[in-house]
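Next come the chains, spelled out residue by residue.
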There are 2 protein chains.
Amino acid sequence: MSEMKQISRQELTDKLLALFQKLGVSLEDARMVADTLIKADQWGVASHGVMRVERYVRCLQSGGILPDAEFTVDQQFGGWVRASGNGGLGIPASCKATELVIKLAKEHGIAIVNLRQSHHNGAEGVYADMIAKEGMIGMVMSTGNPIMAVTGSCEATIGNNPFAYAVPAGKYGTLMMDVAMSAVADGKIRVLKSMGKLLDPGCVLDKNGNPTNVPDEYLDGGVLLPFGAHKGYGLSVMVECMAGIMSGAALTHEINSWNEIPGHCGNTGHLFMAMDISKMMDLGDYVHSVETMIEQFKNAKKAEGISEIYYPGELEQRRADQAGDKVSLLQSTWESLEAAFASCGLEF
Amino acid sequence: MSEMKQISRQELTDKLLALFQKLGVSLEDARMVADTLIKADQWGVASHGVMRVERYVRCLQSGGILPDAEFTVDQQFGGWVRASGNGGLGIPASCKATELVIKLAKEHGIAIVNLRQSHHNGAEGVYADMIAKEGMIGMVMSTGNPIMAVTGSCEATIGNNPFAYAVPAGKYGTLMMDVAMSAVADGKIRVLKSMGKLLDPGCVLDKNGNPTNVPDEYLDGGVLLPFGAHKGYGLSVMVECMAGIMSGAALTHEINSWNEIPGHCGNTGHLFMAMDISKMMDLGDYVHSVETMIEQFKNAKKAEGISEIYYPGELEQRRADQAGDKVSLLQSTWESLEAAFASCGLEF
C-alpha cells in the first residue's frame, strides 16, 4: 500500500464538487457523483472509484456527456417505470432511478425502473446497497459496450454487463454482491501484468482467438471470456434483455465505448428493482433469517489455509469501516485527478 | 445413444397419469407433473426428467409429499403474492404459481409469486419458458438442501439453488437459461465416473476438504464448489434470500434432502417473476431486438474448433424439435420407472 495517497473524504468531496460544477453540472448531481465514486473507493473497489473522474471530465468536455441533462420519467405502469438519463452523467441518473424505485416499492410492494440514455454509473452495488438500507431487496443490472466473447466465439460480442443485489442484514449491515460477467476484469489483468504474474487458465483469448494466460497477449487485441463459460454468457445476455432492450437503450455493438470515443453518448441501459419486504412479512423476521444464514456461513468448517469465511459484501463493508473519514487513492489515480483538474483550469 | 429406449410422448403421459392418480394425485396435478418432466427429457435434460418419478413416488408413499395438497394464496400486495404448496408435489404448485404470476403481470405489469412448502419442481427453465411464451420476461429461482460449500468452506453449506430466465425470441422461439450454482452437477460427476474420466480442476473437494478431480474422491463424502468461486457463491445466496427467506420457506440446513429422507416435507422455496413487456413497449420491437442480438451472436467470429455458436436455450429447443412425439429415456431411468410402477401395483 506504499503507493497509496490519502485524502480526507470531505476535502476530496469539496474538490470534486468544484470540478463538476465548473463543467456545468448542478451541485446536486455533482454531489451524487462524488459520493458514489468515493463510496466505491472506500469499499476498496478502486476501478469503480474516482479513478473514473478523468474520463467523465473528458466526456463532458467533448460533448459525450451533457452536464445539464435531466432525469425524465417517460412511462409508468403501476410500480414499473421507464426513465431516461437524456445523455447526462450515469451516476446522478442512477441515483435518481434508485430513489424513484424505492418510492415506487413503498407504494406498490415491487418496483422496477428501466433507465436508458445513461452512461457509466460506477459500482452497481452502491445502488443495490441504497435499496437494502431501506429494508428492501435490491437488484441492479447495467449494459456495457462489447469487451467479452460469447461462448464459442473469439471476438468481443457482448459487454461484461455487471449485476448486483443486496438485502438488509441487521447487525451485519448489508449483504451485497456486485459482479461482472467476465472471468477476470480488464483492470485486474493490467495489475497482474505490472506484477509480472500470469492469469488463471480459461479467462481470456489472444487476438487470434487462442487461449492464453499471458497478460500481454490479452492486452494486444485479445478478448475476455465469461465466468463459468455458458453460465456467465447466459447471465450477460439476461442483462442485455432486462436492462438494455427493455429500457430502450443501445444494443451490444451500438453501445459506445465511452473510454475510446468520449464525444459520443453511450446510451447505456440499466434496471433497478426493489422489493419492499415489509409488505409481505415482518422485516425483523426477514433480517433475523439473513443473520442466521450469515452465521451458518461464518461458522462452517473452513478449507485448508482459510482463516475466515466472508459473507457477500463483508470485505467491502469492512474496508469502508477501516477507511473511516479517509480515502486512499493510487498514485496513478492521484495523477489522473491532477490532470483532470488542470484541464478545467483548477488545481487538485 | 445405444442405451436409450424410446417411448411415445402420449404413451408415457398416459402411464404417468395412471401412476400418480393411483397415488391420490388429481388428474390436473398429475398432468402437470407428466408434462413438465417430459419436457425436460425432450430438452435433453434427463437429470430433471422422468428419472425423478421414482423419488416422487417414494415421497408420496412415505408421507413426505401430500398427494392432495392444495396451492393456496396466503397474502397479496398488488402484483406480489406469497403462496404455499402446503407440502404437495413441487411441480403442480410451481405450474399454478407460474399461471398466477402471468395473470398478475397482465394486470400489474410486473409480478412476483413467492412459494413455500413446496418440493422438487424439475427444471426451472420450463416455468421461465411458460412465462416467455406469454410475451413476458420470466425469472425463476429455487432453493435446495445444502450440497455445496460456500467459498472458503469445505463442507456442504448451501444448495446449488437453480436460477432460470427466459424471454420471447420470435423466430428463435424462446431465449432461455437454466443453471445451478455449482461448477459441475452431481449427476454429471456420476456420468464421468462411469466413463472413467476426470473432472476439471476446481469443481469439487474430497471429504477432507482437499481439491480433487477424481470422481470417486468426491462421491466418497466430498462436496461441490460454486461456479466462478465467489460469484456462484453470491448468486446461490441471492436465491436463498429471494426464493427461500422471502417465501417463508426453510433455510439452508432446514431444507430436507428429499432424496435421502423421503418421508419428510422439504419446504422448498421458489420465486417466480414476470414482466409483461407490452405494458412498456411494443412487443414486436422487443422481440426484433432479441432476434438481432441472437443473429449477432450466431454470426460472431468462431473460436478454433467451434462449428456453431448457440444462443442460450437453443440446444434444448433443438433437441425438443428433433424428439418430436418421442421421448428417449436412459436404460436406468426405464428400470426406475418399472420399479416405481411395480411399487404401486402397476406395470410400466
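Every chain is numbered on its own, with residues counted from 1 as its sequence reads. Think of it this way: whatever chain is written first is A, whatever ligand is written first is 1, and the rest follow in order. Local features in this predicted model are restricted to residues of pLDDT 70 or higher, and side-chain atom pairs are both shown and tallied only at a pLDDT of 80 or more, whereas totals for entire chains, interfaces and linings draw on every residue.

By way of backbone hydrogen bonds, the strands of a sheet pair with one another, either parallel or antiparallel. Residue and element names in this part refer to chain A. Here, strands pair whenever DSSP counts at least two bridges between them. Numbering of helices and strands runs from the N terminus; a helix is a DSSP stretch of H or I covering at least four residues, while a strand is a stretch of E covering at least two. Pairing is antiparallel in the open sheet, where three strands are placed in the order E9-E8-E10. Of all the strands in the sheet, just strand E9 (211-212) and strand E10 (223-224) have a single pairing partner and so form its edges. The sheet contact formed by strand E8 (residues 204-205) and E10 spans two bridges and is antiparallel. The partner of Leu205 across the bridge, within E10, is Val223.

So, on to the domain arrangement of chain A. Residue and element names in this part refer to chain A. Once the domains are mapped, chain A shows domain 1 (4-182 + 226-281 + 319-343) and domain 2 (184-225). Throughout the structure description, domain borders are defined by an automatic or database domain assignment. For domain 1 and domain 2, the distance between their C-alpha centroids amounts to 25 Å. Here the residues of the side of domain 1 that touches domain 2 are counted per class, giving seven nonpolar, three polar and one charged. Classes in brief: Ala, Val, Leu, Ile, Met, Phe, Trp, Tyr, Cys and Pro nonpolar; Asp, Glu, Lys and Arg charged; the others, Gly included, polar.

Looking now at the interface of chain B and chain A. For the purpose of contact definition, each residue receives a C-beta atom placed from its backbone, and two residues are in contact when these atoms lie within 7 Å. Facing 60 residues of chain B, the contacting portion of chain A comprises 60 residues. Every element with two or more residues in the side of chain B that touches chain A is listed here: strand E2 (72-77), strand E3 (80-84), strand E4 (110-118), strand E6 (163-168), strand E7 (174-179), helix H8 (230-244) and helix H9 (283-298) of chain B. Per-class residue counts for the side of chain B that touches chain A are 33 nonpolar, 19 polar and eight charged.

Right, let's get into the pairing of strand E3 (residues 80-84) of chain A. All names here are of chain A. Burial is judged by counting the other C-beta atoms within 10 Å of a residue's own C-beta: 20 or more makes it buried, 12 or fewer makes it exposed, and any count in between marks it as partly exposed, with every C-beta position built from the backbone. E3 sits mainly inside the fold: five of its five residues count as buried. Of the two faces of E3, the one holding Trp80, Arg82 and Ser84 and the one holding Val81 and Ala83 are both buried throughout. Note: strand E2 (residues 72-77) against E3, five bridges, orientation antiparallel. Considered in E3, the bridge of Gln76 is made with Val81. Hairpin geometry of E2 and E3 is characterised by an intervening segment of two residues between the two adjacent antiparallel strands and by a positive phi of about 60° at Gly78. Both E3 and strand E4 (residues 110-118) contribute to a ladder of five bridges, which runs parallel. Paired with Val81 across the two strands is Val113, which belongs to E4.

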